[in-house]
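Each chain, letter by letter, is given below.
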Protein chains: 2
Amino acid sequence: MSRTRVHNFSISLDGFATGEPQSLEAPFGHAGERLHEWMFATRFWAAQGDGSEGVGSGEVGSVGVDHAFAAQHGLGFGAEIMGANKFGPPGWQDDPDWRGWWGPNPPFRTPTFVLTHRPRPPMEMEGGTTFYFLDASPADALAAARAAAGGQDVRIGGGAAVVRDFLAAGLVDHAHLVQVPIVLGRGSRVWDGLEGLEDGYAVEAVPSPSGVVHLTLTRRVPRA
Amino acid sequence: MSRTRVHNFSISLDGFATGEPQSLEAPFGHAGERLHEWMFATRFWAAQGDGSEGVGSGEVGSVGVDHAFAAQHGLGFGAEIMGANKFGPPGWQDDPDWRGWWGPNPPFRTPTFVLTHRPRPPMEMEGGTTFYFLDASPADALAAARAAAGGQDVRIGGGAAVVRDFLAAGLVDHAHLVQVPIVLGRGSRVWDGLEGLEDGYAVEAVPSPSGVVHLTLTRRVPRA
Ligand SMILES: NC(=O)c1ccc[n+]([C@@H]2O[C@H](COP(=O)([O-])OP(=O)(O)OC[C@H]3O[C@@H](n4cnc5c(N)ncnc54)[C@H](OP(=O)(O)O)[C@@H]3O)[C@@H](O)[C@H]2O)c1
Ligand SMILES: NC(=O)c1ccc[n+]([C@@H]2O[C@H](COP(=O)([O-])OP(=O)(O)OC[C@H]3O[C@@H](n4cnc5c(N)ncnc54)[C@H](OP(=O)(O)O)[C@@H]3O)[C@@H](O)[C@H]2O)c1
């Protein structure tokens, strides 16, 4: 059965998944890389190389609870859905040459659906990633991604607005959020508008020696 | 040395310490008692009796990590500071007979300073609690409370606005927040305006089998 999952989604104590302002120079705004340092320290991340050169040596990095969670990011996915603000900095829709942050060989390696109110034709990249641009509801976007996923799972890749909208629509089967012990104060917040989310999900919290807390939300009633 | 501490301060995943609307019938608004169930299950709480009859039997309740944290609420305090919205429901200032939620014998048993823009004369209660009403800055309120605390610690008792203001002013030595796995969506949020709080505090997270996460903030540089 194809599931819809969120993985390695980092938030601050106050629930922001990114800082502000987002820009070409600072994709996460004033948050910088602080939301992701826990992940950079894992063997999972080391094995990604620098994100542009494929699989690295995997000889470095922690293999504890941070790695165990992080590694699920790559397992069993046939498609990803992301928001316009994850795909590029503000204004990327005005640049016909913008092909995402990730260079010619993006790490997704599956059909990848970018939600935007200003869609463009698909872009086939190296390594198995094709970007499709959709102006569609979360449910319709999920139907498209599922059809393209070949029976595998669909990852909701972020940012905050998209994770929030898919949670609010009840479309997420399980979510892994990583609470980093910083207070960002501003940015894009994942929790807004999700009152009562716990009615639909069992919430588990596991702290890591690195200082982050892994929050997992498991849907209470299996999807039919 | 007299310290300024926050204890047993419960927040939702999205950082709300109370729901809305606050009223005589529903002091925590739509949050009900959900933020405090973890505490009601502890031996610490059982030993408080029902809050109106002094110390109970202490024969029931858990003695695990929730109890260990909860019990610090009562140790070593010579004064408390609280906000107007903790002292009473909206409009209590218009009721000359309002003497707080806690009956004739409140559990504070120390001088207790209520911050309000509409102060009234002090109220001496049974059991050692006297309520003083102050329209003052956090720093001035703390000076008054410290002077009354006889060398013991000062508890910042909440609600969210007061905890936030004292954290923002750098007046808190250590804080114990309890993150309950619910999303309230609305109410009074503790994190607002605290960007960069982690610069001043080491943050530790410890989960409990009850499902809550105990967050402790320890000031990095000892106060001179
Ligand atoms: N913390 C993490 O783990 C993590 C993970 C991934 C990303 N991020 C970061 O999060 C930030 C982006 O998050 P964000 O909340 O600002 O935005 P986002 O969720 O990436 O994108 C939101 C935007 O996507 C478009 N969109 C969303 N739903 C749509 C729909 N149903 N139909 C059409 N268009 C739709 C809209 O853009 P338009 O109207 O402009 O088209 C909307 O403003 C980036 O900084 C990214 O790097 C963080
Ligand atoms: N989750 C928990 O563990 C916990 C703990 C304690 C309380 N609570 C709950 O939190 C809620 C109250 O929180 P809240 O954020 O709404 O309000 P609050 O922090 O209790 O009180 C804020 C109010 O106090 C007065 N005030 C604050 N600072 C002042 C100052 N420097 N000078 C003069 N007046 C000042 C103002 O009232 P006026 O202008 O009206 O005078 C202000 O609106 C209640 O529901 C309470 O039961 C929860």
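Keep in mind it's a predicted model, so treat the numbers as computed, not measured. (Residues numbered from 1 in each chain as written. Chains lettered and ligands numbered in written order. Predicted model: local features only at pLDDT ≥ 70, side-chain atom pairs only at ≥ 80, totals over all residues. Heavy atoms only, no water.)

### Quick word on the sheet that holds strand S10 (residues 201-207) of chain A
Residues and elements named next belong to chain A. Strand order in this open sheet of nine strands is S5-S6-S4-S3-S7-S1-S8-S11-S10, and the pairing throughout is mixed. For this open sheet the edge positions go to strand S5 (123-124) and S10, each flanked by a neighbour on one side alone. For strand S3 (residues 77-83) and strand S7 (residues 153-158), the ladder comprises five bridges, and the chain directions are parallel. Bridging from a neighbouring strand, Ile81 pairs with Ile156 of S7. (Pairing = 2+ DSSP bridges. Helix = DSSP H or I, 4+ residues; strand = E, 2+ residues; numbered from the N terminus.)

### Description of the interface of chain A and chain B
At the interface, 24 residues of chain A touch 24 residues of chain B. Approximately 2,000 Å² of surface area, both sides summed, lies buried where chain A meets chain B, with 57% of it carried by carbon and sulfur atoms. A:Glu195 is the salt-bridge partner of B:Arg186, the closest N and O atoms lying 2.6 Å from each other. Applying the counting rule to chain A against chain B returns eleven residue pairs in polar contact (both at pLDDT 80 or more). Elements that contribute at least two residues to the side of chain A that touches chain B include exactly S10 and strand S11 (213-219) of chain A. Ranked by residues supplied to the side of chain A that touches chain B, first place goes to S10(A) with three residues. Classifying every residue of the side of chain A that touches chain B by side-chain character gives 13 nonpolar, four polar and seven charged. (Contact = heavy atoms within 4.5 Å. Buried area = accessible area lost by both parts, 1.4 Å probe. Salt bridge = Lys/Arg side-chain N within 4 Å of Asp/Glu carboxyl O. Polar contact = N/O pair within 3.5 Å; in protein donor to acceptor, adjacent residues only side chain to side chain. Nonpolar A, V, L, I, M, F, W, Y, C, P; charged D, E, K, R; others polar.)

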